[in-house]
Amino acid sequence: MIGTHRLQGPAFDRLAAGQGDFAAVSALARAQESRRLLQVYAVVATARERLPSARTAHLIDAHDLLAHVQRTAPDAARTVLMHPYTGAWAMRGLLRLGRTDLDPAAPDLDELLGHLGSIAAAAALRGDPEHGPPGRVELCAVGGWVYLPTLGRVRVAADAGRIALTGRQWSVGSRLVSRRQANRRCSATAAGLSATLAIEDVDLYRDVHRWQPSARLTARQVSSLQRNFVCAWDQLAHSHRVYAAGLPAALSTLVPVVGEPGVSLSSSSRYAFGGLALTPEVGPTTLAVTLVHEFQHNKLGAMQDITNLSTRSSARYRAPWRLDPRPVGALLQGAYAHLGIADFWRVRRHAVTGEEQDRAQAEFAVHREHVTEAIATLRECGELTPDGARVVDAMAGTVQSWWREDVPADAARRAAERVRSGHRAWVARNGDRGRRGPRERVVDAGGTTRNER
């Protein structure tokens, strides 16, 4: 059901302070479900307005099937609709259909819009695994594969074009499918908390992150990722429960991306609530802090879909963790994410010893300083809405208490040098703008980067 969504006082305050329990995060997820339903409907409605009726009949059939599954198997429909890359597909479709230079005859437009048939079929297969879709549903084969969001993909003849899918055996035309590649997943339970992340390495619309999606992972890579996920979740469930308790209500899907050896990459997208991209070859602690980092982005992005937190302008500001000036919305997103990172290392330093503890102490000190600087910039920028100011004030209250916590002198010195080095790099890249000081506004009318974090 599509409804009106508001964040009530206590839930808003908990989320604004950087945390948020399962109930508060679930409220964000429910709002995202309404948004997703509206997006899918908007794709169908816009296509019918802008394309000949012969080009949209399959869209209406697919939408009717999806509505049928919503009535008969609502959990199955919800699973597929809330797949992060169903959202990415819907936004791509709306952007494409909204173009003034739209070419109704473009062949790739049929491929794009035909994906709704795959969404509906996947929901039907989840709702009735024994029989699948009632009757036959037309799907569009892409490169010899039919993609079924949350389920995987099936191999068909390269020239299959539009095909029909029926039943549990996923029969295509008169032949049974000879090859299926199902989605894999990572699962873990610790300290009474459980989490599962689907590994999405085949979906056609997973390329909304800054980084290039990887090819399908090998069985060995999946096993390694599963082992590290178990260890990472154990850390979160035992030592960072304030995040672990709400994380399963938001994060559902992991997209492996390509990175350089020894470099960890991660990303979230406003188009894909519930998803995160990362390089799969990461150790347990890096994976744990990455989950917190991307959980923060997903939460604040969902809050921004419910209430505006900032205005739009050409102003750009210093983000201490980046070299390029950022718009206010991106600075707020980054500050909120780094608040979670700082909190992770704040707690982590008491759970480890030796070199690991030294690292955690320095990481906490650096991120505490960075978030404090960003909060000061946000408070002075004049571009926050009342709800945005409320979020920043709550973040400031969280960080303020951390300054009463001691950091060993050696770690503090190393952290201070990293902060100074960041300032020097900023000045070297941004010239006079960098000399205005870390807490003063920088105005830049230039273009934006792909990753608004």
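In this report, the structure presented in the accompanying data block is examined. (Residues numbered from 1 in each chain as written. Predicted model: local features only at pLDDT ≥ 70, side-chain atom pairs only at ≥ 80, totals over all residues. Heavy atoms only, no water.)

**Quick notes on the side chain of Arg184**
Consideration 1: Position of Arg184 among the secondary structure elements: in strand β7 (residues 184–190).
Consideration 2: Sequence-distant contacts of Arg184, defined by excluding residues within four places in its chain, comprise Ala198, Ile199, Asp201, Arg216, Leu217, Thr218 and Val222. (Helix = DSSP H or I, 4+ residues; strand = E, 2+ residues; numbered from the N terminus. Contact = heavy atoms within 4.5 Å.)

**Things to note about the packing of helix α10 (residues 328–348) against helix α11 (residues 354–380)**
Consideration 1: The interhelical angle for the contact between α10 and α11, taken along N-to-C directions, is 150°, at an axis separation of 8 Å. Looking at the two axes, α10 sits roughly antiparallel to α11. Crossing handedness for the pair α10 and α11: left-handed. Facing Val328, Leu331, Leu332, Ala335, His338, Leu339, Ile341, Ala342, Trp345, Arg346 and Arg348 of α10, the residues of α11 in contact are Glu356, Arg359, Ala360, Glu363, Phe364, His367, Arg368, Val371, Ala374, Thr377 and Leu378.
Consideration 2: Split by residue class, the contact of α10 with α11 holds 13 nonpolar, three polar and six charged. (Axes fitted to C-alpha atoms, helices over the stretch in contact; angles between N-to-C directions. Parallel < 35°, antiparallel > 145°, perpendicular 65-115°, else oblique. Left-handed = near helix turned anticlockwise from the far one by under 90°. Nonpolar A, V, L, I, M, F, W, Y, C, P; charged D, E, K, R; others polar.)

**Points about the pattern of salt bridges**
Consideration 1: As enumerated under the stated definition, the model contains 25 salt bridges in all.
Consideration 2: Ionic pairing is found between Arg78 and Asp75, a salt bridge with its closest N-O pair at 2.7 Å. One end of the pair is Arg78 and the other is Asp75, both in helix α4 (residues 74–81) and three residues apart, which spans about a single turn.
Consideration 3: Relative accessible area serves as the criterion here: at 34%, Arg78 is assigned to the partly exposed category.
Consideration 4: One network of salt bridges, in which partners are shared, links Asp343, Arg346, Arg349 and Glu405. (Salt bridge = Lys/Arg side-chain N within 4 Å of Asp/Glu carboxyl O. Buried < 20%, exposed > 50% of the residue type's maximum accessible area, 1.4 Å probe, protein only.)

**A short note on the environment of Leu38**
Consideration 1: Topologically, Leu38 is positioned in helix α2 (residues 22–50).
Consideration 2: Taking the C-alpha atoms as reference points, Leu38 and Ala90, 52 residues apart in sequence, are found 9.6 Å from one another.

**Let's talk about unusual backbone geometry**
Consideration 1: One non-glycine residue, Thr150, adopts positive backbone phi at about 80°.
Consideration 2: A positive phi is found at Ala191, a non-glycine position, where the angle reads about 50°.
Consideration 3: Relative to the helices and strands, Ala191 resides in the loop between β7 and β8 (193–199).

**Remarks on the sheet that holds strand β6 (residues 180–182)**
Consideration 1: Here three strands make up an open sheet; going across it, the order is β2-β3-β6 and the pairing antiparallel. Pairing within the sheet leaves two strands with one partner each, and these edge strands are β2 (145–148) and β6. Neighbouring strand axes in the sheet, compared pairwise and without regard to direction, differ in orientation by 15° on average.
Consideration 2: Two strands pair when backbone bridges link them, and β2 and strand β3 (residues 152–155) are joined in this way by four bridges, in the antiparallel orientation. The partner of Val146 across the bridge, within β3, is Val154. (Pairing = 2+ DSSP bridges.)

**Structural notes on the environment of Pro52**
Consideration 1: Looking at the secondary structure, you find Pro52 in the loop between α2 and α3 (57–72).
Consideration 2: For Pro52, a relative accessible area of 44% corresponds to the partly exposed category.
Consideration 3: Separated by 52 residues in sequence, Pro52 and Pro104 place their C-alpha atoms 8.1 Å apart.

**What about the nonpolar core?**
Consideration 1: Residues Trp233, Leu291 and Val391 are the most contacted members of the largest nonpolar core, which totals 80 residues.
Consideration 2: With 10 residues, α10 is the single largest residue contributor to this core.
Consideration 3: Beyond its immediate stretch of four places on either side in the chain, Trp233 contacts Ala188, Thr189, Ala190, Leu193, Ser194, Ala195, Ala244, Leu247 and Pro248.
Consideration 4: Counting 47 residues, the second-largest nonpolar core is a separate cluster that includes Ala62, Ala88, Trp89 and Val255. (Core = buried A, V, L, I, M, F, W, Y, C linked by side-chain atoms within 4.5 Å.)

**Some thoughts on the packing of aromatic side chains**
Consideration 1: One pass over the structure, following the stated rule, counts two aromatic pairs.
Consideration 2: Taking 6.2 Å as the distance between ring centres and 65° as the angle between the ring planes, the aromatic pair formed by Phe364 and Trp402 counts as edge-to-face. With Phe364 in helix α11 and Trp402 in helix α12 (residues 386–402), this residue pair connects regions lying 38 residues apart in the sequence.
Consideration 3: On the accessibility criterion, Phe364 (0% relative accessible area) is buried.
Consideration 4: Sitting over the face of the ring of Phe295, Lys299 holds its NZ or CZ atom 4.4 Å from the ring centroid.
Consideration 5: Above the plane of the ring of Trp403 lies Arg368, whose end atom (NZ or CZ) is 4.1 Å from the centre. (Phe/Tyr/Trp six-rings, centres within 6.5 Å; stacked < 30°, edge-to-face > 60°. Lys NZ or Arg CZ within 6 Å of the ring centre and 35° of its normal.)

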